[in-house]
Amino acid sequence: MVKLSAHGLSHIGAMRIAIDLSVQSGEVVGVVGPNGAGKTSWLRCIAGFISLSSGSIICDDAVWDDPSASCWKAPEQRGIGMVFQQPALFGHLSVRENIAFPMRARGKSTLQIKERVDEYLGRFQLGRYAGFHPSQLSGGEQQRVAVARALIGEPDVLLLDEPFSGIDVDTRKTIRADLALYFSSFKGACVLVSHDSHDVDALATSRIELDHGQLRPS
Amino acid sequence: MRHSRIPWLIWVLASIALALFFIPLLSLVIRAPWSDLTQTLSSSVVHDALRLSLVCSLIATSLCIIIGVPCAWVLAYSSLPGKSAFRALCTLSMVLPPVVSGVALIAALGRRGVVGQFLFSGFGIQIPFTIVAVVIAETFVALPFLILTVDAALRQLDPVFDESARVHGATSWYSFRRVILPSIRPAVIAGVVLAWARALGEFGATITFAGNLQGRTQTVPSAVFLALERNRGEAIMLSLVLVAISLTVLVLLRDRWVTAVARGGSW
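Residues numbered from 1 in each chain as written. Chains lettered and ligands numbered in written order. Predicted model: local features only at pLDDT ≥ 70, side-chain atom pairs only at ≥ 80, totals over all residues.

1. Some words on the overall build of chain A
- In terms of helices and strands, chain A carries 6 helices and 11 strands.
- A compact globule built from 218 residues would reach a C-alpha radius of gyration of about 17 Å, and chain A, at 17 Å, matches this within 12%.
- Taking the principal axes of the C-alpha coordinates as reference, chain A spans close to 45 × 40 × 30 Å.
- Across the 218 residues in chain A, those meeting the buried criterion constitute 44%.
- Long-range contacts, defined here as pairs at least 24 residues apart, represent 68% of the contacts in chain A between residues at least 6 apart. (Helix = DSSP H or I, 4+ residues; strand = E, 2+ residues; numbered from the N terminus. Rg over C-alpha atoms; globule rule 2.2 N^0.38 Å. Buried ≥ 20, exposed ≤ 12 C-beta atoms within 10 Å, placed from the backbone. Contact = placed C-beta atoms within 7 Å.)

Rendered as structure tokens:
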């Protein structure tokens, strides 16, 4: 059972971002708002790319960020999987190597990696692309690889930053359906950011609205 | 046809530029004493100079990689104050007359230099006029080429790749080795080749700081300089050896690597 709670403030330039989030295993919190509302900054705070100015981020009993206690965990120590606005796949690695990356970075054994990657290639219907490089895939296929990479390490928390960005309408529907399927078997907590409330309505169990870095009553 | 739109004056000026490059190189080939080729290339002077040039330039290039890549990493990603001043310093040492670099090295590492006096009095180490001086002089002039090439590529690389690696469990060192460096590989290779070519052709700083002693500190450019005084044919043959090496470097650099660097240093 995972419980993530993030409360506090962060400052990015002149913008003040108010964070107030609580999510636990099996839940998908959708964060919606127009472009520039500060949605991505929420995720970047949780991921550890931006520090809080005040408040805290706590996952179960582990403190990820608490400026008052001078406590901060690096992104690689937080047990997160993340899908970025652009797939952010590593162009010099094959699909198989991209998916294996989180396990390899965490020092898993070759046998473990092979077994798990084979499983995820099958689960995400990417088997025939295993030896391809990202530039040889369509936008939708790249996004599937990005989701597989985010999930393979069995993260406690999954962050999705506009996962449908730059994808055509038909592919968007397919990926949305795929994500709904993956969420059903995902054991951790999930935060989904989107500027499109349809995406959030289709996938999230609860929603938060943001505008200019501030929470808006939904 | 596209070229028909270019004014004739531009053609003339462009031809002068091409001739300026081409005629001296062609003259080297024409004036070379080809009948003495075997004898010149098998002389001990040429052997020693070639061996020293290759060994020293390769060591200097390795040093450039070992200290230059981390330096570019710090320049590109740290929030160190005065980064732009350091970048300017790198650019300055690229355009500095090599003889000035040699004088600066003597001032720093000479027997009575700022650092050299302690090396000599404390450990009995004397750097000038040794093979170490050749390597240091070549590293000094070649390093900025590697640092600035890698720094530019790093700054143009989208930070999302590093973030993506970090959030998926990679330490910053792992991300640098496995994600960032491979992503800018063409720029790193171009920087290494440029640095090596610069080290190989280095003359001014080397002759000032290391001297011109056959078998000890005499590189090919220094040997060419000395040969001009006593045997012009040998100087031309040695120059052609350097031209051949430079040409090989150019062929290695062509197409993909040069294009990749111009694109921003990533695949």
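2. Some details on the overall build of chain B
- Check the secondary structure of chain B and you find 14 helices and 0 strands.
- Counting from the amino terminus, helix and strand elements in chain B follow one another as α-α-α-α-α-α-α-α-α-α-α-α-α-α.
- In terms of principal-axis extent, the alpha carbons of chain B reach across some 70 × 65 × 30 Å.
- Looking at the 267 residues of chain B, the share that counts as buried comes to 36%.
- Considering only contacts within chain B whose residues lie at least 6 apart along the sequence, 75% involve residues at least 24 apart.

3. Details of the interface of chain B and chain A
- Facing 16 residues of chain B, the contacting portion of chain A comprises 19 residues.
- Mapped onto the side of chain B that touches chain A, the elements with two or more residues apiece are helix H8 (160-167) and helix H9 (172-183) of chain B.
- Take the side of chain B that touches chain A: its biggest share by element is 7 residues, from H8 of chain B.
- Classifying every residue of the side of chain B that touches chain A gives 9 nonpolar, 5 polar and 2 charged. (Nonpolar A, V, L, I, M, F, W, Y, C, P; charged D, E, K, R; others polar.)

4. Comments concerning the confidence of the model for chain B
Residues and elements named next belong to chain B.
- Chain-level statistics for chain B give a pLDDT mean of 88 and a share of 93% at 70 or above.
- Segment residues 260-267: pLDDT under 50, and 24 contacts once partners within four positions in sequence are set aside and those in other chains are kept.
- We note a pTM of 0.82 for the whole complex and an ipTM of 0.90 for its interfaces. (pLDDT = per-residue confidence, 0-100.)

5. Some details on the pairing of strand E5 (residues 62-66) of chain A
Residues and elements named next belong to chain A.
- Examined bridge by bridge, strand E4 (residues 54-59) and E5 share 3 bridges and lie antiparallel to one another. Across the sheet, Cys-59 pairs through a bridge with Ala-62, a residue of E5.
- Where E4 folds back on E5, the antiparallel hairpin that results is connected by 2 residues, among which Asp-60 adopts a positive phi of roughly 50 degrees.
- Where E5 lies against strand E6 (residues 71-72), 2 bridges are found, and the strand directions are antiparallel. Of the residues in E6, the one forming a bridge with Asp-66 is Cys-71.
- Hairpin remark: E5 followed by E6, antiparallel, with 4 residues in the connecting loop; positive phi at Ser-70, about 50 degrees. (Pairing = 2+ DSSP bridges.)

6. With respect to the packing of helix H4 (residues 83-95) of chain B against helix H7 (residues 131-156) of chain B
Residue and element names in this part refer to chain B.
- Running from N to C, H4 and H7 point in directions that differ by 135 degrees, and their axes come no closer than 8 Å. Put simply, H4 runs oblique to H7. Between H4 and H7 lies a crossing of left-handed hand. On the side of H4, the interface is formed by Cys-90, Thr-91, Ser-93 and Met-94, while H7 contributes Pro-144, Phe-145, Ile-147 and Leu-148.
- Its residues placed into classes, the contact of H4 with H7 shows 6 nonpolar, 2 polar and no charged. (Axes fitted to C-alpha atoms, helices over the stretch in contact; angles between N-to-C directions. Parallel < 35°, antiparallel > 145°, perpendicular 65-115°, else oblique. Left-handed = near helix turned anticlockwise from the far one by under 90°.)

7. Regarding the nonpolar core
- If you look at the biggest cluster of nonpolar residues, it comprises 115 residues, and the most contacted ones within it are Leu-159 and Val-191 of chain A together with Ala-137, Val-150 and Ala-195 of chain B.
- With 16 residues, the top contributor of residues to this core is H7 of chain B.
- For Val-150 of chain B, the contacting residues outside a window of four places in its chain are Gly-68, Val-69, Ala-72, Ile-184, Ala-187, Val-188 and Gly-191 of chain B. (Core = buried A, V, L, I, M, F, W, Y, C linked by C-beta atoms within 7 Å.)

8. Some details on the pairing of strand E1 (residues 3-12) of chain A
All names here are of chain A.
- Here 10 bridges tie E1 to strand E2 (residues 15-24), and the two strands are oriented antiparallel to one another. Pairing of Lys-3 across the sheet is with Gln-24, part of E2.
- Pairing between E1 and E4: 6 bridges, direction antiparallel. Residue Leu-9 lies in a different strand from E4, and its bridge partner there is Ser-54.

9. Quick word on the sheet that holds E2 of chain A
Residue and element names in this part refer to chain A.
- The sheet built from 5 strands is open, its strands ordered E2-E1-E4-E5-E6 with antiparallel pairing. Two strands in the sheet have a free side with no partner beyond their single neighbour: E2 and E6.
- In this fold helix H1 (residues 39-47) packs onto E1, E2 and E4, with an angle of close to 115 degrees to the strand it touches most, E1.

10. Focus on unusual backbone geometry
Residue and element names in this part refer to chain A.
- Its identity as a non-glycine residue notwithstanding, Ser-70 has a phi of 50 degrees, on the positive side.
- Positionally, Ser-70 belongs in the loop between E5 and E6.
- The backbone of Glu-154 shows a phi angle near 45 degrees, a positive value even though the residue is not glycine.
- Along the chain, Glu-154 turns up in the loop between helix H4 (139-152) and strand E8 (157-161).
- What makes Glu-154 partly exposed here is the crowd of 14 C-beta atoms within 10 Å.

11. Things to note about the confidence of the model for chain A
- When the pLDDT values of chain A are averaged, the result is 89; 98% of them are 70 or greater.
- Across chain A, the element-wise mean pLDDT spans from 70 in strand E11 (residues 214-216) of chain A up to 97 in helix H2 (residues 95-105) of chain A.

12. Structural notes on the environment of Val-150 of chain B
All names here are of chain B.
- One can find Val-150 in helix H7.
- Val-150 gets classed as buried once you count the C-beta atoms within 10 Å, which come to 28.
- Along the sequence, Val-150 and Leu-52 sit 98 residues apart, while their C-alpha atoms lie 27 Å from each other.

13. Remarks on the packing of H4 of chain A against helix H5 (residues 169-185) of chain A
Residue and element names in this part refer to chain A.
- Remark: H4 packs on H5, axes separated minimally by 10 Å, with the N-to-C direction vectors making an angle of 15 degrees. In this view, H4 runs roughly parallel relative to H5, as classed from their interaxial angle. Every pair of crossing elements has a handedness; the one defined by H4 and H5 is right-handed. Counted together, Gly-139, Gly-140, Gln-143, Arg-144, Val-147 and Leu-151 of H4 and Thr-171, Thr-174, Ile-175, Asp-178, Leu-179 and Tyr-182 of H5 form the full contact between these two elements.
- Of the residues contributing to the contact of H4 with H5, the split by class is 5 nonpolar, 5 polar and 2 charged.

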